[in-house]
Amino acid sequence: MKRLLFWLGFLLCLGVPAGLVIRQENLRRGSVVVYLRLAPEGVTVYGEGASLSYDLNLRPLDPNWPKQGFLTPDMDTRRVINAWAPGPQGLRYHLVDSQVRLDAETLPVPPGKGEAFRQARYAKFDLGLDGKLRVRGLTDMTLNQL
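Analysis parameters
Residues numbered from 1 in each chain as written. Predicted model: local features only at pLDDT ≥ 70, side-chain atom pairs only at ≥ 80, totals over all residues. Heavy atoms only, no water. Patch = residues over 30% accessible without salt bridge, like charges linked within 9 Å, V, L, I, M, F, W, Y side chains within 5 Å. Areas by Shrake-Rupley, 256 points an atom, 1.4 Å probe, with all protein chains shown as cover. Salt bridge = Lys/Arg side-chain N within 4 Å of Asp/Glu carboxyl O. Helix = DSSP H or I, 4+ residues; strand = E, 2+ residues; numbered from the N terminus. Buried < 20%, exposed > 50% of the residue type's maximum accessible area, 1.4 Å probe, protein only. Contact = heavy atoms within 4.5 Å. Core = buried A, V, L, I, M, F, W, Y, C linked by side-chain atoms within 4.5 Å. Pairing = 2+ DSSP bridges.

So, on to a nonpolar patch on the surface. The grouping of F6, W7, F10, L11 and L14 at the surface amounts to a nonpolar patch, some 540 Å² of accessible area in total. Secondary-structure assignment places W7 in helix 1 (residues 2–28). According to the relative accessible area criterion, W7 is partly exposed, its value standing at 45%.

Relative to the assigned elements, T139 resides in strand 9 (residues 133–139). Beyond its immediate chain neighbours, meaning those up to four positions away, T139 contacts Y35, A120, R121, Y122, K124, N144, Q145 and L146.

Among the secondary structure elements, A39 is positioned in strand 1 (residues 32–46). Among the residues examined, A39 registers a relative accessible area of 7% and is labelled buried. A39 sits 15 residues away from Y54 along the chain, and the two C-alpha atoms are 4.8 Å apart.

This brings us to the nonpolar core. Within the largest apolar cluster, 27 residues are counted, with the highest numbers of intra-cluster contacts made by L38, V43, Y54, V100, L102, F117 and L138. Residue assignment for this core shows that the elements contributing at least two residues are strand 1, strand 2 (49–54), strand 4 (80–87), strand 5 (91–96), strand 6 (99–102), strand 8 (122–127) and strand 9.

With 6 of its 6 residues buried, strand 8 lies for the most part within the structure. Covered by surrounding structure in strand 8 are Y122, K124 and D126 together with A123, F125 and L127, the residues of both alternating faces.

The next thing to look at is the environment of F117. Looking at the secondary structure, you find F117 in helix 2 (residues 114–118). Along the primary structure F117 and L146 are separated by 29 residues, whereas in three dimensions their C-alpha atoms are 7.1 Å apart. For F117, the contacting residues outside a window of four places in its chain are V43, V45, A50, L107, P108, V109, P110, L138 and L146.

In terms of strand pairing, strand 1 meets strand 4 through 2 bridges, oriented parallel. From the neighbouring strand, L36 faces strand 4, where its bridge partner is I81. Sheet topology places strand 3 (residues 68–75) next to strand 4; 6 bridges connect them, and they run antiparallel. Residue P73 lies in a different strand from strand 4, and its bridge partner there is W84. As consecutive antiparallel partners, strand 3 and strand 4 are separated by 4 residues, and within that stretch R79 has a phi angle of approximately 70 degrees, a positive value.

What follows concerns the pattern of salt bridges. Evaluation of the coordinates by the stated rule reveals 2 salt bridges. With a closest N to O distance of 3.4 Å, R118 and E115 form a salt bridge. With R118 and E115 both in helix 2, this residue pair falls 3 residues apart, about one helical turn. Notably, a salt bridge pairs D126 with R136, separated by 3.3 Å at the nearest N-O pair. With a gap of 10 residues between them, D126 in strand 8 and R136 in strand 9 connect regions that are remote in the sequence. For D126, a relative accessible area of 5% translates into the label buried. Residue classification places R136 among the partly exposed positions, given a relative accessible area of 38%.

As structure tokens, this is what we get:
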């Protein structure tokens, strides 16, 4: 019986990390790296986290936009999103108080990086096939990782 429990524990120790790696790889398969411009003073650092506010909330919205759906992004050659419009696929969004909200609006802050994060100009994301953004980090004006 002890042998069986040993081998079950051993397989569990190997299986759980392998399963997590496979899940992350499946999430990233087919995704594209995109950059979204942050609003001025768009990073608010609090404790061990940061709240992100994007440039897209500074532009006036068409009142006929649906309350939730997808934004079809228009990107430049650097994959920076410069414009968007409601469409059948793209970034998943919802409107709250006439502001566009995306699923990815918080980011953990490593110790000592708070001031560097406040200087960020773009947020770097993986845009999955399902339209969900997964935060990869923050970048400066030249898209160098902070």
